[in-house]
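# Coordinates in review
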Amino acid sequence: MIVSSKTIPFVDLTLQHQPIQADIEQAISTVVQRGDFILGKTLKEFEAEFAQASGVKYGVGVASGTDAIALGLQACGITQGDDVLVPANTFIATVMGVIQAGATPILVDCDPHTALIDLNLAAKAITPKTKAILPVHLYGQMVSPRALLDFAQVHDLIIFEDAAQAHLAQREGYKAGSVGMAAAFSFYPSKNLGAFGNGGMLITSDEDVAQRVRTLRNYGAPKKYYHTEVGKNSRLDTLQAAILQVKLPYLPQWNQLRNQAGQIYDQGLKSGEDKGIITIKNLSQEGHVYHLYVIRINKDCSMSRDQVQQFLAERGIQTGIHYPIPCHLQPAYKSLGYQLGDFPQAEMLCEQILSLPMYPGITSDQIAWVIEQLSLI
Ligand SMILES: Cc1ncc(COP(=O)(O)O)c(C=O)c1O
């Protein structure tokens, strides 16, 4: 085994936290002194700031991205008996959110070049009960807003965006979360905008949708001790909002660094295509916020994906797989009735994809080292 003197982590959060640590500590201290830990002042401020940055009117902080999907869909009127189109190639929480809202996910295969939902296949999957499409802006790249808006208009569907991996991503002049009726974000620590624990937000320009999520996240109570529906306890902690509020102004700069790193990878890996090392295509230029930088190791490569992962690990390069098992083959979702072979592109991706180190602050030398090692394959 080769032991490399260099170690390149998959993600390094210390780089973004160290320079602003004093400000974060001050923000935490302010909340502690004020004592408004639940639905406090800073939460309301951060909700407004994140919504404005994303180009919509309202933000409602919830406990996780999964809850933002589940409660958000409910607030958009999605309920039991409704079908929702969802990409087969996503993190399981997208599917879980639909089920928690009481609806049925109808899975749709993806475009192998971008790994995003294939809208031609989505059109074929529509049933008489289909009420909404839930596009996932996977890896930090938005599904084409124009194509989505056309699709939703033709088929009379609601668009609800899963933007958990795409804070402030842009495409065709739209920001992630501003295309549909509403959108869900996650503030899981390693997300482009991450809390120091779990967190999420529903954003929308529809006042009724925002108000309904405010009620649903607070035990179904529009006012204290008066419960109009069965809700949940799912509020974004004021402490987490205070941390996120400090981080938000840095997000455009961090996204830019991710995009630059993505471009360096793209350029350096161009020649790898002949050897079966394929990049996931960026169709949104600077608007891609590269939550993850993902390549495919296809059948033309002399090594399997797992062998490439091992090869890189021996050279100090940490990688990930997002995600190794497609949603339709997860044991917990057997009752949806799908089988191996139903979504060939999603299944192919699960076998071939590899996520390379990506975080704001990764240096061009580090990326060059990763590219160099891949060129040896
Ligand atoms: C695409 C996608 N959707 C939904 C979620 C769920 O977010 P959370 O982990 O905050 O519940 C995540 C992140 O984990 C995600 O990546």
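Residues numbered from 1 in each chain as written. Predicted model: local features only at pLDDT ≥ 70, side-chain atom pairs only at ≥ 80, totals over all residues. Heavy atoms only, no water.

## A few points about the overall build of the chain
Stated formally: Put simply, DSSP marks the helices as runs of H or I at least four residues long and the strands as runs of E at least two long, and each gets a number from the N terminus on. We take the radius of gyration over the C-alpha atoms and set the globule estimate at 2.2 Å times the residue count to the 0.38 power. Any two residues whose heavy atoms approach within 4.5 Å at even a single point are treated as in contact. Note on areas: Shrake-Rupley, 1.4 Å probe, and residue coverage restricted to the protein chains presented here. As used throughout, the charge tally considers Lys and Arg to be positive and Asp and Glu to be negative, leaving His and the chain termini uncounted. In this description, the location of a charge corresponds to atom NZ of lysine, CZ of arginine, CG of aspartate or CD of glutamate.
Along the chain, the regular secondary structure elements total 13 helices and 12 strands. On C-alpha atoms alone, the chain measures out to a radius of gyration of 21 Å, which is about the 21 Å that the 2.2 N^0.38 rule sets for 377 residues. Taken along the three principal axes of its C-alpha coordinates, the chain extends 65 × 55 × 40 Å. Look at the contacts in the chain between residues 6 or more apart in sequence, and 71% of them connect residues 24 or more apart. Put simply, the chain shows about 16000 Å² of open surface, and 52% of that area lies on carbon and sulfur atoms. In the chain, the 29 positive side-chain charges and the 35 negative ones have mean positions that sit 4 Å from each other.

## Focus on the pattern of salt bridges
Applied cut-off: One side-chain nitrogen of Lys or Arg within 4 Å of one carboxyl oxygen of Asp or Glu is enough to make a salt bridge. The cut-offs for exposure are 20% and 50% of the maximum accessible area for each residue type, with area from a 1.4 Å probe on protein chains only; residues under the lower value are buried, those over the upper are exposed, and the others partly exposed.
One pass over the structure, following the stated rule, counts 10 salt bridges. As a salt-bridge pair, R217 and E47 come within 2.8 Å of each other at their nearest N and O atoms. Note that R217 is positioned in the loop between α8 (207–216) and α9 (238–247) and E47 in helix α3 (residues 41–53), a separation of 170 residues in sequence. Where D67 meets K232, a salt bridge forms, and the shortest distance between an N and an O atom there is 2.9 Å. A residue pair is termed long-range when its members are at least 10 positions apart, and D67 in helix α4 (residues 65–75) and K232 in the loop between α8 and α9 qualify at 165 residues. The exposure class of D67 is buried, given its relative accessible area of 8%. In this structure K232 comes out as partly exposed when scored by relative accessible area, which is 34%.

## Overview of the sheet that holds strand β8 (residues 182–186)
As a reminder of what qualifies: Pairing between two strands is assigned when DSSP locates at least 2 bridges connecting them. An axis is simply a line fitted to the C-alpha atoms; with a helix, the fit covers only the stretch in contact. Between two such axes, the angle follows the N-to-C directions and lies from 0 to 180 degrees.
The mixed open sheet is built from seven strands, whose spatial order is β1-β9-β8-β5-β4-β2-β3. Here the strands that pair on one side only, and so sit at the sheet edges, are β1 (58–62) and β3 (104–108). Strand-to-strand twist across the sheet, computed as the mean angle between neighbouring axes with direction ignored, equals 25°. Bridging between strand β4 (residues 130–133) and strand β5 (residues 158–162) involves two bridges; their strand directions are parallel. Opposite I133, over in β5, you have I159 as the bridge partner. Packed onto the sheet, α8 meets β1, β8 and β9 (200–204) and runs at close to 20° relative to β1.

## Overview of the domain arrangement of the chain
Under the convention used in this document: For the domain bounds, the source is a domain assignment made automatically or taken from a database. Buried area: the accessible surface (1.4 Å probe) lost by two parts on joining, summed over both. Under the rule applied, a polar contact is a pair of N or O atoms within 3.5 Å (in protein, one hydrogen donor and one hydrogen acceptor; residues adjacent in sequence only if both atoms are side-chain atoms). For this classification, the nonpolar set comprises Ala, Val, Leu, Ile, Met, Phe, Trp, Tyr, Cys and Pro, the charged set comprises Asp, Glu, Lys and Arg, and every other residue, Gly included, is treated as polar.
Here the chain is partitioned into domain 1 (15–108 + 115–250) and domain 2 (251–375). Centre-to-centre separation of domain 1 and domain 2, based on C-alpha positions: 25 Å. Across the contact, 34 residues belong to domain 1 and 33 residues belong to domain 2. Regarding the contact of domain 1 and domain 2, the summed buried area is about 3000 Å², with carbon and sulfur atoms giving 64% of it. When residues of domain 1 are sorted by the area they lose upon contact with domain 2, Y139, N192 and Y250 head the list and together hold 26% of the total. At the boundary of domain 1 and domain 2, one finds zero salt bridges. At the boundary of domain 1 with domain 2, the tally comes to 19 residue pairs in polar contact (both at pLDDT 80 or more). Along the lines of polarity and charge, the residues of the side of domain 1 that touches domain 2 split into 21 nonpolar, 10 polar and three charged.

## As for the pairing of β5
Let me state the cut-off plainly: By definition, the crossover connecting two strands over a helix is right-handed if that path, from the first strand to the second, turns clockwise as seen with the strands pointing away from the viewer.
Where burial is concerned, most of β5 is hidden: four out of the five residues are buried. With helix α7 (residues 145–155) bridging β4 and the parallel β5, this β-α-β connection has right-handed handedness. In terms of strand pairing, β5 meets β8 through three bridges, oriented parallel. Residue pairing in the sheet places F160 in a bridge with A182 of β8.

## Considering the site of the ligand
The condition that has to hold: A single heavy atom is enough: if one lies within 4 Å of a molecule or strand, its residue is considered near that molecule or strand.
Lining the immediate environment of the ligand, one finds 16 residues, of which G65, T66, D162, S186 and K191 sit closest. A distance of 2.8 Å is found between an oxygen atom of the ligand and a backbone nitrogen or oxygen belonging to G65. Between the ligand and the protein, one listed contact pairs an oxygen atom with a side-chain N or O atom of S186 at 2.7 Å. Relative to its unbound accessible surface of 390 Å², the ligand loses 92% to contact with the protein. For the shell around the ligand, the secondary-structure elements that each account for two or more residues are α4 and α5 (92–100).

## As for the UniProt feature "active site" (unreviewed entry) in the chain
For clarity, the cut-off: UniProt positions are given in the numbering used here, feature names are shortened, and annotations may be inferred rather than shown by experiment.
Per the UniProt annotation, the sites labelled "active site" (unreviewed entry) are K191. Structurally, K191 is set in the loop between β8 and β9. Classification of K191 by relative accessible area gives buried; the value is 12%. Excluding its chain neighbours within four sequence positions, the residues that come into contact with K191 are A164, Q165, H167, S186, R258 and H291.

## Quick notes on the packing of aromatic side chains
How we decide: Here a pair means two rings of Phe, Tyr or Trp (six-membered ring of Trp) with centres within 6.5 Å. Their orientation is stacked below 30 degrees between planes, edge-to-face above 60, and tilted elsewhere.
Evaluated as defined, the whole model comprises nine aromatic pairs. A centroid spacing of 5.5 Å and a plane angle of 85° characterise the contact between F50 and F187, whose relative ring orientation is edge-to-face. With F50 in helix α3 and F187 in the loop between β8 and β9, the pair connects residues that are 137 residues apart, well separated along the chain. Residue class for F50 comes out buried when judged on its relative accessible area of 0%.

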